[in-house]
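Listed below, chain by chain, are the residues.
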Amino acid sequence: QVQLVESGGGLVQAGGSLRLSCAASDRGYAMGWFRQAPGKEREFVADITGNGGSTNYSDSVKGRFTISRDNVKTTAYLQMNSLKPEDTAVYYCAARRRWVGLRYEYDFWGQGTQVTVSP
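A few points on the structure. Here the structure is a predicted model, which is why all the values come from computation and not from measurement.

So, about the overall build of the chain. A count of helices and strands for the chain gives zero helices and eleven strands. Scanning the chain from its N terminus toward the C terminus, one meets helices and strands in the order β-β-β-β-β-β-β-β-β-β-β. Taken along the three principal axes of its C-alpha coordinates, the chain extends 40 × 30 × 25 Å. Sequence-distant contacts, at least 24 apart, represent 54% of the contacts inside the chain between residues at least 6 apart. Of the side-chain charges in the chain, 14 are positive and 11 negative, and the distance between the mean point of each set is 3 Å.

So, in structure tokens, the structure goes:
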């Protein structure tokens, strides 16, 4: 079992920045960030391999968000710049993925952190 604890959410004006952190109780797994806005399904934001060598982003955040990790501290980060009101959501961290069908499925999830972007 891997425990994940997110932090860093909050309220920011459009155009501002936030950095989310996800502290994991174990190391070496691929990690991802997802988000869920009110009334919408959870969507993929970004992910990073266990060694940090490869990253992926959704088209909606590409060029504005950066995922990284510190394997010594077993922490993943999501640097969010040029935030827009449509980025408002609960952001979830996930770890250890498996390829199932046509996409990755993650085994462990954090409790989420709220990000609110005002116009």
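Turning our eyes to something else, we now look at the nonpolar core. Counting residues in hydrophobic clusters, the biggest one holds 27 residues, and the most contacted among them are L4, M31, W33, L78, M80 and Y91. Apart from residues lying up to four places away in sequence, L4 is in contact with C22, A23, A24, M31, C93, A94, A95, F108, W109, G110 and Q111.

With that settled, consider the environment of G50. Examined against the element boundaries, G50 turns out to sit in the loop between strand 5 (43–48) and strand 6 (55–57). Sequence-wise, G50 and R96 are 46 residues apart; in three dimensions their C-alpha atoms are separated by 8.8 Å. Leaving out residues up to four positions away in the same chain, G50 has contacts with G28, Y29, A30, R69 and N71.

To continue, consider the pairing of strand 8 (residues 75–80). Burial runs high along strand 8: five of the six residues are buried. Two elements, strand 3 (residues 18–24) and strand 8, share six bridges in a ladder whose sense is antiparallel. Counted as the bridge partner of R19 is Q79 from strand 8. In this structure, strand 7 (residues 65–70) lies alongside strand 8, joined through six bridges in antiparallel fashion. In the strand pairing of strand 8, I67 is matched with L78.

Basis of the calculations
Residues numbered from 1 in each chain as written. Predicted model: local features only at pLDDT ≥ 70, side-chain atom pairs only at ≥ 80, totals over all residues. Heavy atoms only, no water. Helix = DSSP H or I, 4+ residues; strand = E, 2+ residues; numbered from the N terminus. Contact = heavy atoms within 4.5 Å. Lys, Arg positive; Asp, Glu negative; His and termini not counted. Charge placed at Lys NZ, Arg CZ, Asp CG, Glu CD. Core = buried A, V, L, I, M, F, W, Y, C linked by side-chain atoms within 4.5 Å. Buried < 20%, exposed > 50% of the residue type's maximum accessible area, 1.4 Å probe, protein only. Pairing = 2+ DSSP bridges.

Geometric values such as these leave the question of function open.
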